[in-house]
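# Structure assessment
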Amino acid sequence: MKDLRILFMGTPDFAVEGLAKILEAGYNVVGVVTAPDRPAGRGRKLNQSAVKKFALVKGLPVLQPTNLKSEEFENQLKELKPNLQVVVAFRMLPEKVWKFPEYGTFNLHASLLPEYRGAAPINWAVINGEKTTGVTTFFIDEKIDTGAIIKSKEVDIKVTENVGVVHDRLMHLGADLILDTLTLIENGEVETILQNKEVELKPAPKLTRENTKIDWTQNTTAIYNLIRGLNPYPAAWCYFMNGKKMNVKIFDCEMLLKEHQESLGKVSVEDNQIKIATSDGFIFVNEIQLPGKRKMRIKDLLNGLTLEKDAYML
């Protein structure tokens, strides 16, 4: 059995669960690499990553290199002497870093690779209406998310679930998969599968203002999936015309497939819900955020909102 000296690399909450499970299982974590502290909030105070906060509580050495190719970071790796690196939700590593440990560097990715390579795999699986998704561990190579697959676990996505729910389920599933992968590596039982790099795959690009805007000309199901695939973060958005043009974010919603004669994007109120007409039905909004306001339930919004006759979502 191999004596593992693990260097963990990660930044957000999704990565914390994996690090916690590694420590609970008794593995030797020689250090943690995470993003530099960044200014956040109105006061622009320096904010530590979720992984850094957790690592400090556990008394682990924390590295926050701004340049992963620097000689300083290379020297830090030599001092820590890791023989395995575990990466969860971190940035792309240069070759000399991922090749550094004797037993390699493996990454946990929140999709069933090779599908949904990229920055936002959980969001895009929900946006595209997938019925299943999962997590995959693979050895890092020179390209993003293309390395040899070690192991994967699959999970169902219910049509009523938003990306926050799926994220949390994959976070726990991924932590378990990390432990399974560590067991294979320490026992010398890893059998990898090469990814098919020739077939056309579903991408998971970074979420932007352009690809998170609701297109009310799409069908009801596509709109519904976009909204739940961006709820609670970063949230789908559109323009709300109600006397004036407002930029609004829509969070929780329901859908109804139904023939009607309403114009696309037409807004009306029915049973204390805002109803928006689509090409083949309606979207019923349960939670919304107006400019400069916190998100609120529709019932609270309607208490202080006068809906114009020609109100539309654009």
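The notes below deal with the structure included here. Keep in mind the model is a prediction, meaning the values are calculated, not measured.

All right, on to the packing of aromatic side chains then. Within the structure shown, the criterion is met by two aromatic pairs. Taking the centre distance of 5.2 Å and the plane angle of 90° together, the rings of tryptophan 237 and tyrosine 239 count as edge-to-face. We classify tryptophan 237 as buried; its relative accessible area is 6%. With relative accessibility at 24%, the residue tyrosine 239 sits in the partly exposed group. With centroids separated by 6.5 Å and ring planes inclined at 55°, the aromatic side chains of phenylalanine 282 and phenylalanine 284 adopt a geometry described as tilted. Across the pair, exposure class does not vary: phenylalanine 282 and phenylalanine 284 are buried alike. One residue, lysine 213, lies across the ring of tryptophan 237, its end atom 5.5 Å from the ring centre. A cation sits over an aromatic face here: lysine 245 above tyrosine 239, 4.3 Å from the ring centre.

What follows concerns the nonpolar core. In terms of nonpolar packing, the biggest core is built from 73 residues, with Ile22, Val86, Leu182, Ile250 and Met313 touching the most fellow members. It is helix α6 (residues 163–186) that contributes the most residues to this core, 11 residues altogether. Setting aside anything within four residues of it in sequence, one finds isoleucine 22 in contact with Ile6, Phe8, Tyr27, Val29, Val86, Ile178, Leu179 and Leu182. Listed in part, the 18 residues of the second largest apolar core include Leu7, Leu63, Leu77 and Ile140.

Spatial strand order, β5-β2-β1-β6-β7-β9-β10: seven strands in an open sheet with mixed pairing. At either end of the open sheet lies a strand with only one pairing partner, and these are β5 (62–63) and β10 (149–156). Relative to β10, strand β9 (residues 132–139) is paired through seven bridges, and the arrangement is antiparallel. Note that in β10 the partner of glycine 134 across the bridge is glutamate 154. Sheet strands in contact with helix α1 (residues 13–24) are β1 (5–10), β2 (28–33), β6 (84–88) and β7 (105–109), and its direction is about 165° off that of β1.

Here is what the cut-offs are and how they apply
Residues numbered from 1 in each chain as written. Predicted model: local features only at pLDDT ≥ 70, side-chain atom pairs only at ≥ 80, totals over all residues. Heavy atoms only, no water. Phe/Tyr/Trp six-rings, centres within 6.5 Å; stacked < 30°, edge-to-face > 60°. Buried < 20%, exposed > 50% of the residue type's maximum accessible area, 1.4 Å probe, protein only. Lys NZ or Arg CZ within 6 Å of the ring centre and 35° of its normal. Core = buried A, V, L, I, M, F, W, Y, C linked by side-chain atoms within 4.5 Å. Helix = DSSP H or I, 4+ residues; strand = E, 2+ residues; numbered from the N terminus. Contact = heavy atoms within 4.5 Å. Pairing = 2+ DSSP bridges. Axes fitted to C-alpha atoms, helices over the stretch in contact; angles between N-to-C directions.

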